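Each chain, written out:
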Amino acid sequence: MAKTAGKAAVRCSAIDMAGLAAMEAHGKRLDKSSQARVIRDDSPLVYGSLDLRPAYDRHMKGIKQNAGAKKPVLHFVVRFPPELLAGDKIGHFDGDKEARQAMMLKQAIKFVNDTHGGRAVFAARLDRDEAGETIADVFASPVYEKRTKRTPADKPGVWWASATRFGKELAEHHAEEMQRRHPEAKPGKLTGPRMIGIALQSEFADWFKRINGVALAPKVEKGDSTPDRLEKEAHDRIMRRADIQARWDARRSRRLDAQAERIEVRRSDVQADLEAVAIDLDAERAELVQVRQDLERREN
């Protein structure tokens, strides 16, 4: 068995209904950015539905929510190691490419549910038409049962949604790591968005090893004091190159479309010419037949 499964990453951002609509258009390949990324015709693996707003509404039926919640949806991007698509069995990843990608989507959903109350995910997908084929997009609105002293022991509580509750709990669970990595931070400041992101990454590494029996490769090797900023700069460079490549591909696609259109026009012109020639030939044949018939009548 492999010593490590490779490097992985988890990112989470809170979005509002406009953001959810944008994510829906992106998943359906209705926006320019998603269209520019397409390099093959493989359809995505989908959990729930690509219709994100109806899926969210169904998920929230009967769930209470703070009226001031402006960004009630969490969008998780779970990037699995590309090594998981190789031929070797790694944890639960086995079989052909599609089976392994299906396992990625299943595990991404399970991870979010396991760390966010058990009833969080309402939709997810794994795109297979882009260059990156090991990235799962997971959409969640975590819910929890609120019980008070007045709630009878034999009665259920009230279900509420919260986009922040479970992230803060994760940060608190990894508070020792946060304090070790950021000794300058005050203990009460360890549940901010950055800390939650760090905790989420650490939790995924622990969870993946527990579920699959193999560790993820660490982001920074032992003895490497390179700050996190360099990783962001490297990521930005990659994204800039990807954006340049996407624009180049889009221009190339437009040129090919224009060329194809010109070819189609020429083909139509040639087809029209051929049809005209065929009509002339038919007329000449008819004239020859008439001449032959006239000659036969004269001979008789």
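For the structure itself, look to the data block above.
Nothing here was measured: the structure is a model prediction, and the numbers come from that model.

A.B. asks: Describe unusual backbone geometry, naming the residues involved and giving the relevant values.
C.D. replies: Glycine aside, the phi torsion of most residues is negative, and most peptide linkages are trans. A positive phi is found at Arg 29, a non-glycine position, where the angle reads about 60°. Tracing the backbone shows Arg 29 in the loop between α1 (17-27) and α2 (32-37). Exposure remark for Arg 29: the relative accessible area of 15% places this residue in the buried category.

A.B. asks: Before we move on, could you go through helix α4 (residues 97-115) and cite the residues and values that matter?
C.D. replies: Helix length check: α4, at 19 residues, gives a terminal C-alpha distance of 27 Å against a target of 27 Å (1.5 Å per residue), a fit within 8%. Taken together, the buried positions of α4 are Arg 100, Gln 101, Met 103, Met 104, Leu 105, Gln 107, Ala 108, Ile 109, Phe 111, Val 112, Asn 113 and Thr 115. One or two steps after α4, the chain reaches Gly 117, where phi turns positive at roughly 90°.

A.B. asks: Tell me about the pattern of salt bridges, and name the residues and values.
C.D. replies: Opposite charge on two side chains allows them to pair when their charged atoms are near. All chains considered together, the criterion is met by 15 salt bridges. Here Arg 128 makes a salt bridge to Glu 98, at a shortest N to O gap of 3.8 Å. Taken together, the residues Arg 128 in the loop between β5 (121-126) and β6 (135-140) and Glu 98 in helix α4 connect sequence positions 30 residues apart. Residue Glu 98 is classed as partly exposed on the basis of its relative accessible area of 43%.

A.B. asks: Can you explain helix α3 (residues 52-59)? Please cite residues and give values.
C.D. replies: Because each turn of an α-helix spans 3.6 residues, side chains separated by three or four positions end up pointing in the same direction. All of the buried residues in α3 are Leu 52, Ala 55, Tyr 56 and His 59. Buried residues of α3 fall within an arc of 100° about the axis and therefore sit on the same side. The elements touched by buried residues of α3 are α1, β3 (64-65), β4 (73-79), β5, β6 and β7 (143-146).

A.B. asks: Which residues make up the side chain of Glu 203, and what values do they have?
C.D. replies: Relative to the assigned elements, Glu 203 resides in helix α7 (residues 193-212). Although Glu 203 is buried, it forms no salt bridge, and the closest oppositely charged side chain is Arg 210 at an N-O distance of 4.7 Å. Among all residues touching Glu 203, those that are not within four sequence positions of it are Phe 111, Thr 115, Leu 170, His 173 and His 174.

A.B. asks: Help me get a handle on the packing of aromatic side chains, residues and values and all.
C.D. replies: Under the criterion given, the structure shown has eight aromatic pairs. Measuring from centroid to centroid gives 5.6 Å for Tyr 56 and Phe 122, while their planes differ by 65°, and the two rings are edge-to-face. Residue Tyr 56 is found in helix α3, and its partner Phe 122 is found in strand β5; the two are separated by 66 residues along the sequence. Among the residues examined, Tyr 56 registers a relative accessible area of 6% and is labelled buried. Taking 6.2 Å as the distance between ring centres and 20° as the angle between the ring planes, the aromatic pair formed by Phe 93 and Phe 208 counts as stacked. Of this pair, Phe 93 sits in the loop between β4 and α4 while Phe 208 sits in helix α7, and the two are 115 residues apart along the sequence. Note on Phe 208: relative accessible area 0%, which makes it buried. An aromatic cluster is defined as three or more aromatic residues linked by ring pairs; in this entry it consists of Phe 80, Phe 93, Phe 111, Phe 204, Trp 207 and Phe 208. One Lys or Arg, Arg 119, reaches over the ring of Trp 159 and ends 4.4 Å from the middle of that ring.

Conventions we followed
- Residues numbered from 1 in each chain as written.
- Predicted model: local features only at pLDDT ≥ 70, side-chain atom pairs only at ≥ 80, totals over all residues.
- Heavy atoms only, no water.
- Helix = DSSP H or I, 4+ residues; strand = E, 2+ residues; numbered from the N terminus.
- Buried < 20%, exposed > 50% of the residue type's maximum accessible area, 1.4 Å probe, protein only.
- Expected span 1.5 Å × (residues − 1).
- Salt bridge = Lys/Arg side-chain N within 4 Å of Asp/Glu carboxyl O.
- Arc of directions from axis to C-beta.
- Contact = heavy atoms within 4.5 Å.
- Lys, Arg positive; Asp, Glu negative; His and termini not counted.
- Phe/Tyr/Trp six-rings, centres within 6.5 Å; stacked < 30°, edge-to-face > 60°.
- Lys NZ or Arg CZ within 6 Å of the ring centre and 35° of its normal.

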